[in-house]
Amino acid sequence: MTTGLDAMNDALEICSDLGFDMAPGFATHWAMGAETIIRLGYPELVHDWATRYRVIHKHFPRPASERPIDPADDASWMGARGDFSRVGDWQAVFDRALAEQPWREVLATWWPRLISGMAAGLTHGLIRTTHAVRSIAVAGDTPSALQLHELATGLAYWAGKYVEQPGPASLAGDDHLPDLIADIPRLEWEGGASLRDKGSFQRMREMPGWPAAISRLAKPEDISSALSDLTLSFVQVNLAHPDQFPVPLIHGVTAPAALRLMLQYLPEHLHTASFLAVWQADAALLSCFAPPRASEIAARPAAGEVETLEPAELAARAVEHGDEHAIKLTEACLREYALRPDERYLLLPERMLAKIPRPPKGPGH
Amino acid sequence: LSAGVPVRSTGESAVDAEAVAAGETRLELDIYGEMHELAWPRDMALLDLLQQRGIEVAYSCREGTCGTCICSIERGKVRMRQNKVLGPGDLAAGYVLACQSVPDADDCRIVF
């Protein structure tokens, strides 16, 4: 029988040499997808999934480290933060740190340096880091070298893609989710903006009402409940935009669901700041990828109004579908549903499974 | 040309040349290492052609925004109806989007 840990290390053996981004510049998902398939209960399928993934996607090569970054020198690391041409230098920083320190100490050091850039790279710095951490946590005190390298890769991606996201330094408003969603200004919508473009963040910062609207969210009394409010709000936003290409906007669900996993490994004093950061990131996604729509915020469907699949069936269908975003969204929604059993958590992934194309089977099929 | 049957797993295609109808482009395709040779109507997007022939490639948005169907043109020329994701460097490197590409030459070679 294949254990989850064996399956993860197998996937790491297969794909660890792949670059950070696929052409034309989006995060590769092999590590996140493999770890999620294991979590959904199908470790025996990971080998073939990872093997196929590397064949059907074009990856940029991994750059070597050429100009060392000194993590003890603020000018050095701050100067390199957000410079993706130096992602190889960042990989070296985190490989070294994780060889010298316990991984939780590395996280505690770098988390506050990175969280205000959570939205950049479509939140994949946070998400890839989270999947790596969840995999390492299974290994206990003996993570493999490849697992630590994967965590270093997630952090390096985050540091390289970092863009300071717009928003307040603290939450001090009286508003709550989901109501506040409707008041978040949207970038001028001509088929969508892009978070690859650093200018999008600048435009949000300068847009009348944008920072003020973000700051109106009340400081959460309970972070876990606030994360549920946030993920459910973005489930609803996604359901309200069935005509949109769904992939960018589903990160409004998967990013806060990833943060929920991370909180247990982070010092408590970072929890509120982390929630603020993921709220800002979600608001940025909303502003970029969702045109304003009156029906974005809707009440929970009445009992019996919608039929949904059982969680186990949904998990099986997601893995069988094979697309990494369908898999990640499903797993995130199932976790969130377990905490707050709202049918919309089951409805969204089912709809996405119908909407997102299946990946090709690959050579020989 | 015949349907998109793989003709060789590696190396250059050596398929017998079949007549390409007027208004069609001869297309040599490398799909993840499997070679195909197809006739490509000038008004048809590459992804539509592949789906019509039952040839699977990765794709997602079909709007020219996500880049999932990216491929490389190694011979010939295509025109993209829409491109919201490839930058000048990508284009210079020969990357194109299958969902948006229509042929603009008599003979093309494209690699996935």
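See above for the structure.
Residues numbered from 1 in each chain as written. Chains lettered and ligands numbered in written order. Predicted model: local features only at pLDDT ≥ 70, side-chain atom pairs only at ≥ 80, totals over all residues. Heavy atoms only, no water.

Asks: In this structure, what is going on with unusual backbone geometry? I would like to understand it.
Replies: Outside of glycine, negative phi angles account for most residues, and trans bonds account for most peptide bonds. Residue and element names in this part refer to chain A. The omega torsion across Ala23 and Pro24 is 5°, close enough to zero to call that bond cis. Of note, Pro24 is situated in the loop between strand E1 (21–22) and strand E2 (26–27). A positive phi angle, near 70°, is found at Thr123, a position not held by glycine. Along the chain, the position of Thr123 falls in the loop between helix H6 (103–114) and helix H7 (124–139). (Helix = DSSP H or I, 4+ residues; strand = E, 2+ residues; numbered from the N terminus.)

Asks: Explain helix H12 (residues 247–263) of chain A here, please?
Replies: Helical periodicity: at 3.6 residues per turn, an α-helix aligns residues three or four positions apart in one direction. All names here are of chain A. Helix length check: H12, at 17 residues, gives a terminal C-alpha distance of 25 Å against a target of 24 Å (1.5 Å per residue), a fit within 8%. Along H12, the helix axis deviates most sharply at Val253, where the bend reaches about 30°; the proline Pro256 sits within four residues downstream. Burial analysis of H12 places 17 of its 17 residues in the buried class, the great majority of the element. (Expected span 1.5 Å × (residues − 1). Bend = angle between axes of the 7 residues up to and from the residue. Buried < 20%, exposed > 50% of the residue type's maximum accessible area, 1.4 Å probe, protein only.)

Asks: Help me understand the nonpolar core, please; the structure alone is not making it clear to me.
Replies: Nonpolar side chains in soluble globular proteins tend to be buried together. Residues Trp90(A), Phe94(A), Trp111(A), Phe275(A) and Trp279(A) are the most contacted members of the largest nonpolar core, which totals 122 residues. Ranked by residues supplied to this core, first place goes to helix H13 (residues 271–289) of chain A with 12 residues. Excluding its chain neighbours within four sequence positions, the residues that come into contact with Trp279(A) are Leu171(A), Leu177(A), Leu180(A), Ile181(A), Ile184(A), Ile214(A), Leu217(A) and Leu230(A). With 33 residues, the next largest nonpolar core counts Leu47(B), Val78(B), Val85(B) and Cys108(B) among its residues. (Core = buried A, V, L, I, M, F, W, Y, C linked by side-chain atoms within 4.5 Å. Contact = heavy atoms within 4.5 Å.)

Asks: Help me understand the side chain of Gln236(A) in this model?
Replies: Residues and elements named next belong to chain A. With respect to the helices and strands, Gln236 occurs in helix H11 (residues 223–239). A relative accessible area of 9% means that Gln236 is categorised as buried. Here Arg344 takes part through its side chain, which lies 3.2 Å from a polar atom of the side chain of Gln236. In contact with Gln236, other than residues within four places in its own chain, are Ser295, Glu296, Ile297, Ala298 and Arg344. (Polar contact = N/O pair within 3.5 Å; in protein donor to acceptor, adjacent residues only side chain to side chain.)

Asks: How should the pattern of salt bridges be read in this particular structure?
Replies: Think of it this way: side chains of opposite charge can pair up when their charged atoms draw near. All names here are of chain A. Enumeration over the complete set of coordinates arrives at 25 salt bridges over all chains. When the shortest N-O distance is used, the salt bridge between Arg216 and Asp183 registers 2.7 Å. Residue Arg216 is located in the loop between helix H10 (210–215) and H11, and its partner Asp183 is located in the loop between helix H8 (145–161) and helix H9 (198–206); the two are separated by 33 residues in the primary sequence. Among the residues examined, Arg216 registers a relative accessible area of 32% and is labelled partly exposed. Salt bridges sharing partners connect three or more residues here, namely Glu35, Arg39, Arg134, Glu331 and Arg335. (Salt bridge = Lys/Arg side-chain N within 4 Å of Asp/Glu carboxyl O.)

Asks: I tried to follow the sheet that holds strand E2 (residues 34–41) of chain B on my own but got confused; where do I start?
Replies: Strands belonging to one sheet form pairs held by backbone hydrogen bonds; the direction of such a pair is parallel or antiparallel. Residue and element names in this part refer to chain B. Strand order in the open sheet formed by 5 strands is E2-E1-E7-E3-E5, with mixed pairing between adjacent strands. Unpaired on one side and paired on the other, E2 and strand E5 (95–97) mark the two borders of the sheet. The sheet shows a mean angle of 35° between the axes of neighbouring strands, taken without regard to direction. (Pairing = 2+ DSSP bridges. Axes fitted to C-alpha atoms, helices over the stretch in contact; angles between N-to-C directions.)

Asks: Explain the interface of chain B and chain A here, please?
Replies: By convention, interface size is frequently given as the accessible area that disappears when the constituent parts associate. Each partner contributes residues to the interface: chain B has 23 residues there, and chain A has 17 residues. Both faces considered, chain B and chain A share a buried interface measuring about 1600 Å² in area, 61% of it formed by carbon and sulfur atoms. If you sort the residues of chain B by the area they bury against chain A, Tyr32(B), Glu56(B) and Ser60(B) come out on top, with a joint share of 31%. Along the contact surface separating chain B from chain A lie 1 salt bridge. With a closest N to O distance of 3.1 Å, Lys361(A) and Glu56(B) form a salt bridge. For the pair chain B and chain A, the interface holds 2 residue pairs in polar contact (both at pLDDT 80 or more). (Buried area = accessible area lost by both parts, 1.4 Å probe.)

Asks: Is there a simple way to think about the layout of surface pockets in this case?
Replies: Gaps left between atoms are located by rolling a probe of water-molecule size over the structure's atoms. Here the second largest pocket defines a volume of roughly 580 Å³. Taken together, 26 residues line the second largest pocket, and the ones lying closest to its centre are Arg52(A), His321(A), Pro359(A), Pro360(A) and Lys361(A). Among the elements of the structure, helix H3 (46–56) and helix H14 (311–321) of chain A together with helix H1 (46–52) of chain B are those that each provide at least two residues to the lining of the second largest pocket. The biggest single contributor to the lining of the second largest pocket is H3(A), with 5 residues. (1 Å grid on protein atoms, 1.4 Å probe; cavity = no way out; pocket = protein on both sides within 12 Å on 5 of 7 lines; lining within 4 Å. Points joined across faces, edges and corners; volume = space filled by probe spheres on them.)

Asks: Got a minute to help me understand the packing of aromatic side chains in this structure?
Replies: The description of an aromatic ring pair uses the distance of the two centres, along with the angle that the planes make with each other. Residues and elements named next belong to chain A. A complete count under the given rule lists 9 aromatic pairs over all chains for this structure. Ring geometry for Phe84 and Tyr157: centres 5.7 Å apart, planes at 80°, overall edge-to-face. Here the residue Phe84 occupies a position in the loop between helix H4 (74–80) and helix H5 (87–100), and Tyr157 occupies one in helix H8, the gap between them amounting to 73 residues. Residue Tyr157 is classed as buried on the basis of its relative accessible area, which comes to 2%. Joined through ring pairs, the aromatic side chains of Trp77, Trp90, Phe94 and Trp110 make up one cluster. The cationic tip of Arg113 hangs over the ring face of Trp110; the distance from NZ or CZ to the ring centre is 4.4 Å. Across from the ring centre of Phe84, 4.2 Å away, lies the NZ or CZ of Lys161, which sits over that ring. (Phe/Tyr/Trp six-rings, centres within 6.5 Å; stacked < 30°, edge-to-face > 60°. Lys NZ or Arg CZ within 6 Å of the ring centre and 35° of its normal.)

Asks: Got a minute to help me understand the packing of helix H1 (residues 4–15) of chain A against H8(A) in this structure?
Replies: The angle between the axes and the distance between the axes are what describe a pair of packed helices. Residue and element names in this part refer to chain A. At a closest axis distance of 9 Å, the pairing of H1 and H8 adopts a crossing angle of 65°. With respect to H8, the element H1 is oriented roughly perpendicular. The crossing of H1 and H8 is left-handed. For the pair formed by H1 and H8, the contact residues are Leu5, Asn9, Leu12 and Glu13 on the first element and Leu146, Gln147 and Glu150 on the second. (Parallel < 35°, antiparallel > 145°, perpendicular 65-115°, else oblique. Left-handed = near helix turned anticlockwise from the far one by under 90°.)

Asks: In this structure, what is going on with empty space enclosed by the protein? I would like to understand it.
Replies: Counted by the stated rule, this structure contains 3 cavities of 30 Å³ or more. By volume, the largest cavity is sized at about 80 Å³. Looking at the largest cavity, the residues that line it are Thr36(A), Ile127(A), Thr130(A), His131(A), Thr254(A), Ala258(A), Leu261(A), Lys328(A), Glu331(A), Ala332(A) and Arg335(A). When residues of the lining of the largest cavity are assigned to their parent elements, the largest contribution, 4 residues, is made by helix H15 (residues 324–339) of chain A. Residue composition of the lining of the largest cavity, by class: 4 nonpolar, 4 polar and 3 charged. Reported here for the second largest cavity is a volume of approximately 60 Å³. Lining the second largest cavity are Val55(A), Ile56(A), His57(A), Lys58(A), Tyr32(B), Val57(B), Ala58(B), Thr68(B), Ile70(B) and Phe112(B). (Nonpolar A, V, L, I, M, F, W, Y, C, P; charged D, E, K, R; others polar.)

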